[in-house]
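Observations on the three-dimensional arrangement
One letter stands for each residue in the lines below.
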Amino acid sequence: MAVWGARMPAVQQAAHLGTAGLALVLLAAAVGMVAGLQLGGRYARPARLPAQLTSGSIALAGCLVLVGQGESLSALLLAALAFGLAHGVLDVAANTAAVRCQNAFGRPIMSGLHAAYSLGALAGAALAALTAQAPHSTLFTATGALLAGVAVAAVPVTRSLSGAERPAMRAGAGKLPLLSSPGKLWLLAALAAASLLGEGAAADWAAVHLHTLGAPTAASATAFALYSAAMAAGRLTGDRLTAAFGAPTVVRAGALLATAGLTLGVIGNSTPLALTGWAVFGLGLSTTVPSLITAAGAGGAKAVATVTATGYLGVFAGPALIGALASATTLPMALLLPALLAAAVAALAHRALENTTP
């Protein structure tokens, strides 16, 4: 994902696309991903997880190669649709497998697994930057081949997931918790959308925010890198915090921290405060999505797919919504929306997560 995103201008240039054409390609990827999330949730079963993980990984790698070869709008639309579909199927399989692994471990590990995604994003962006002078098609082909090879090499490990069972219950622990109602599931989904809207805002508007403050190009580009690094750091420590204090407390405290950080960064009206604000925002949100997916895992693969798909609607719709609000008011005013949504996550965290995590 990061390799594609970082080399997006080259993809656009190779296919001679304008802004509208590129928007259609991104929309195709989004539509494909939502469909893939639903498809993955429908077919994710313990016995099918190894095949779904392997085939989803290889398909995603192959679709990245196809995106690199696209030289027309129609070719890119098909490749992007397939890329999104593979991504969605793999996303559900990976998160469902992660829930099963966490249950088998008997302790929180979800945040650390999501940290690997954040670290992968940083590594992919760095790889794209280091190979900026190479043709993007060469980079996409090499990356796709590498990832497909890793997926095949991981088959002996993924096979074990079909037999992973929930851990034996500790004495006096009672049954593993389940989602108590459809309302609880949709509350988890809504909070995921609110949290991921913040991620979309950081990806698409952090650099623009710094630019409006008069920051140089390098500093503007640093904003999202700081956000991503802080999120990765938070996820690397999130499991220990969750084990010590419980998911509701950790998510509430983190969401309050995110609210305070972004609010300070927006109203501070200076480059240092803005950079600090985006970093604190990423740190605060770091444990939210892993905790919400863990809670959804109590309802099975379909629940994981519902929370994930709804959450990604925040990623897709959030940047456009912020842009519309910025047009009607100002960008700083519009960027208070993710801060307010983080405050809502803090207010509802206990209600959403109580009795849904081991």
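Residues numbered from 1 in each chain as written. Predicted model: local features only at pLDDT ≥ 70, side-chain atom pairs only at ≥ 80, totals over all residues. Heavy atoms only, no water.

With respect to the overall build of the protein
Rules: Note on conventions: DSSP H or I runs of at least 4 residues are helices, E runs of at least 2 residues are strands, and numbering of each starts at the N terminus. Every radius of gyration here is taken over C-alpha atoms, with the globule rule written as 2.2 Å times N^0.38, N being the number of residues. Here's how the labels work: a residue is buried when its accessible area is under 20% of the maximum for its type, exposed when over 50%, partly exposed in between, all with a 1.4 Å probe on protein chains only. Think of it this way: Lys and Arg go in the positive column, Asp and Glu in the negative one, and His and the chain ends go nowhere. Where a charge lies is defined by one atom per residue type, namely NZ (Lys), CZ (Arg), CG (Asp) and CD (Glu).
A tally of regular secondary structure across the protein gives 16 helices and zero strands. Against the 2.2 N^0.38 benchmark of 21 Å for 358 residues, the protein shows a C-alpha radius of gyration of 20 Å, consistent with a compact globule. Counting every position in the protein, which comprises 358 residues, the buried fraction comes to 48%. Distance between charge centres in the protein, computed from 16 positive and 7 negative side chains, equals 11 Å.

Observations regarding the pattern of salt bridges
For clarity, the cut-off: Salt-bridge detection follows one rule: a side-chain nitrogen of Lys or Arg within 4 Å of a carboxyl oxygen of Asp or Glu.
Scanning all chains against the criterion turns up one salt bridge. In this structure, Arg 235 engages Glu 199 in a salt bridge whose closest nitrogen and oxygen atoms are separated by 3.6 Å. Here Arg 235, found in helix H10 (residues 217–245), pairs with Glu 199, found in helix H9 (residues 182–212); they are 36 residues apart in sequence, far enough to count as distant.

Concerning a nonpolar patch on the surface
The test is simple: Nonpolar side chains (Val, Leu, Ile, Met, Phe, Trp, Tyr) are joined into patches within 5 Å and like charges within 9 Å, using only residues with over 30% relative accessible area and no salt bridge. Method for areas: the Shrake-Rupley scheme with a 1.4 Å probe, in which residue coverage is limited to the protein chains shown.
Together, Leu 24, Leu 27, Val 31, Leu 73 and Leu 81 make up a nonpolar patch on the protein surface, roughly 400 Å² of accessible area in all. Those elements that place two or more of their residues in the nonpolar patch are helix H3 (19–43) and helix H5 (73–105). By residue number, the principal contributor to the nonpolar patch is H3, which donates three residues. Position of Val 31 among the secondary structure elements: in helix H3. By relative accessible area, which is 47% here, Val 31 ends up partly exposed.

Focus on the packing of aromatic side chains
Short version of the rule: Two aromatic rings from Phe, Tyr or Trp, using only the six-membered ring of Trp, form a pair when their centres are within 6.5 Å; if the ring planes differ by under 30 degrees the pair is stacked, by over 60 it is edge-to-face, and anything between is tilted.
Scanning all chains against the criterion turns up five aromatic pairs. Seen from their ring centres, Phe 224 and Tyr 227 are 5.7 Å apart, and the 20 degrees between their planes marks the pair as stacked. Residue Phe 224 and its partner Tyr 227 are located together in helix H10, separated by three residues, close to a single helical turn. An aromatic cluster is built from Phe 224, Tyr 227, Trp 278 and Phe 281, whose rings are joined through pairwise contacts.

Quick word on the nonpolar core
Considering soluble globular proteins, one finds that nonpolar side chains tend to be buried as a cluster. How we decide: We define the nonpolar core as a collection of buried residues of types Ala, Val, Leu, Ile, Met, Phe, Trp, Tyr and Cys that are connected through side-chain atoms lying within 4.5 Å of one another.
Ranked by internal contacts, the top residues of the largest apolar core, which has 28 residues, are Trp 4, Val 67, Leu 76 and Phe 140. Counting only elements with at least two residues in this core, the list comes to helix H1 (2–6), helix H2 (8–14), H3, helix H4 (49–69), H5 and helix H7 (136–153). Broken down by element, this core gets its largest block of residues, eight residues, from H5. Within the second largest apolar cluster, 26 residues are counted, among which are Ala 202, Met 231, Ala 258 and Leu 275.

Remarks on unusual backbone geometry
In this structure, His 16 is a non-glycine residue whose phi angle is positive, near 55 degrees. Along the chain, the position of His 16 falls in the loop between H2 and H3. Positive phi, close to 60 degrees, is recorded for Asn 269, a residue that is not glycine. For Asn 269, a relative accessible area of 59% gives the class exposed.

Notes on the side chain of Thr 308
Selection criterion: We call two residues contacting when some pair of their heavy atoms lies within 4.5 Å.
Secondary-structure assignment places Thr 308 in helix H14 (residues 301–328). The exposure class of Thr 308 is buried, given its relative accessible area of 5%. Each residue touching Thr 308, except ones within four places of it in the same chain, is listed here: Leu 37, Asp 91, Asn 95 and Ile 293.

A word on the packing of H9 against helix H16 (residues 336–353)
Condition: Axis definition: a line fitted to C-alpha atoms, limited for helices to the stretch in contact. Angles are taken between N-to-C directions and run from 0 to 180 degrees. Comment on the angle field: the value is read as roughly parallel under 35 degrees, roughly antiparallel over 145, roughly perpendicular from 65 to 115, and oblique elsewhere. In this scheme, a crossing is called left-handed if the near helix is turned counterclockwise away from the far one by less than a right angle; it is called right-handed if the turn is clockwise. Any residue that is not Ala, Val, Leu, Ile, Met, Phe, Trp, Tyr, Cys, Pro, Asp, Glu, Lys or Arg is counted as polar, Gly included; the first ten are nonpolar and the last four charged.
The interhelical angle for the contact between H9 and H16, taken along N-to-C directions, is 150 degrees, at an axis separation of 10 Å. What the angle tells us is that H9 and H16 run roughly antiparallel. Crossing geometry of H9 relative to H16 is assigned as left-handed. Contact with H9, carried on its side by Lys 184, Leu 187, Leu 188, Leu 191, Ala 194, Ser 195, Leu 197, Gly 198 and Ala 201, involves Pro 338, Leu 341, Ala 344, Val 345, Leu 348, Arg 351, Ala 352 and Leu 353 of H16 and no other residues of that element. A breakdown of the residues in the contact of H9 with H16 according to their chemical character gives 13 nonpolar, two polar and two charged.

Details of a positive patch on the surface
A cluster of like positive charges, contributed by Arg 42, Arg 45, Arg 48 and Lys 302, occupies part of the molecular surface. Examined against the element boundaries, Arg 48 turns out to sit in the loop between H3 and H4. Accessibility expressed as a relative area gives 42% for Arg 48, which makes it partly exposed.

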